[in-house]
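# Report on the structure
Read off the chains here:
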Amino acid sequence: MPVKILIAEDNLNNQKLLHDILHYHGYEVLMAENGKEAVRVAREERPDLICMDLQMPGIDGLTVIGMLRKDPVTKGIRIIAVTSLAMVGDREKALQAGADDYISKPFDTRELPLLIRKHLGGCEESYR
Ligand code: MN
């Protein structure tokens, strides 16, 4: 079964970049373009991991992380927060909210897959 990764990201260019990187590495990619959608897709699809942009319209990423961690259905999903380098303190806030790790924009196309592998542990058979 392919490993499912949800990309929660409102920016079209970042959506496409993240999608292409993860698809290339063999993951099944789900998309959500705002916080509300991210919560819905996380509950319905139970992805193995979520790349969570912190700055999204409506419900922001930090709030979404908190909501997912409080919900028994989604609390075990691994979450990598996607932060902007300019936002000092976001990384700490993301970890406090319950994110497992963080990565900064602009993305390093090699760093992200490595980080994902690290957090998926033994369930990355689809990686190639
Ligand atoms: Mn954003």
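Please read all numbers here as calculations on a predicted model, not as lab measurements.

Reading across the sheet, the 5 strands line up as β2-β1-β3-β4-β5 and stay open at both edges, with parallel pairing between neighbours. Two strands in the sheet have a free side with no partner beyond their single neighbour: β2 (28-32) and β5 (101-105). When strand polarity is set aside, the average angle formed by the axes of neighbouring strands in this sheet is 20 degrees. Bridge count for strand β1 (residues 4-8) against strand β3 (residues 49-53) is 4 bridges, and the pairing is parallel. Following the sheet pairing, Ala 8 is matched in β3 by Met 52. In the packing of helix α1 (residues 12-24) onto the sheet, the strands contacted are β1, β2 and β5, and the crossing angle to β2 comes to about 165 degrees.

Okay, the pattern of salt bridges next. For the structure shown, the criterion picks out 11 salt bridges. Taking the shortest distance from any N to any O, the salt bridge between Asp 20 and Lys 16 comes out at 2.8 Å. Of this pair, Asp 20 and Lys 16 both sit in helix α1, 4 residues apart, which is roughly one turn of the helix. Two residues, Arg 69 and Asp 100, come together in a salt bridge whose shortest N-O distance is 3.1 Å. Placement of the pair is Arg 69 in helix α3 (residues 61-70) and Asp 100 in the loop between α4 (90-97) and β5, with a sequence separation of 31 residues. Residue classification places Asp 100 among the partly exposed residues on the basis of a relative accessible area of 33%. Among the charged side chains, a salt-bridge network with shared partners connects Glu 9, Asp 53 and Lys 105.

Turning our attention to the coordination of the manganese ion. Taken together, the protein donors to the manganese ion comprise Asp 10 (OD), Asp 53 (OD) and Gln 55 (O), at separations of 2.0 to 2.1 Å. The class of Asp 10 is partly exposed, set by a relative accessible area of 32%. Of the residues examined, Asp 53 reaches a relative accessible area of 2% and is grouped as buried.

Here the residue pair Lys 105 and Pro 106 is connected by a cis peptide bond, since its omega of 0 degrees sits within 30 degrees of zero. You can see Pro 106 is positioned in the loop between β5 and α5 (111-120). The backbone of Arg 46 sits at a positive phi, close to 40 degrees, despite the residue not being glycine. Relative to the helices and strands, Arg 46 resides in the loop between α2 (35-45) and β3. Residue class for Arg 46 comes out exposed when judged on its relative accessible area of 53%.

Here is what the cut-offs are and how they apply
Residues numbered from 1 in each chain as written. Predicted model: local features only at pLDDT ≥ 70, side-chain atom pairs only at ≥ 80, totals over all residues. Heavy atoms only, no water. Pairing = 2+ DSSP bridges. Helix = DSSP H or I, 4+ residues; strand = E, 2+ residues; numbered from the N terminus. Axes fitted to C-alpha atoms, helices over the stretch in contact; angles between N-to-C directions. Contact = heavy atoms within 4.5 Å. Salt bridge = Lys/Arg side-chain N within 4 Å of Asp/Glu carboxyl O. Buried < 20%, exposed > 50% of the residue type's maximum accessible area, 1.4 Å probe, protein only. Donors = N, O, S within 2.8 Å, 3.2 Å for Na, K, Ca; no water.

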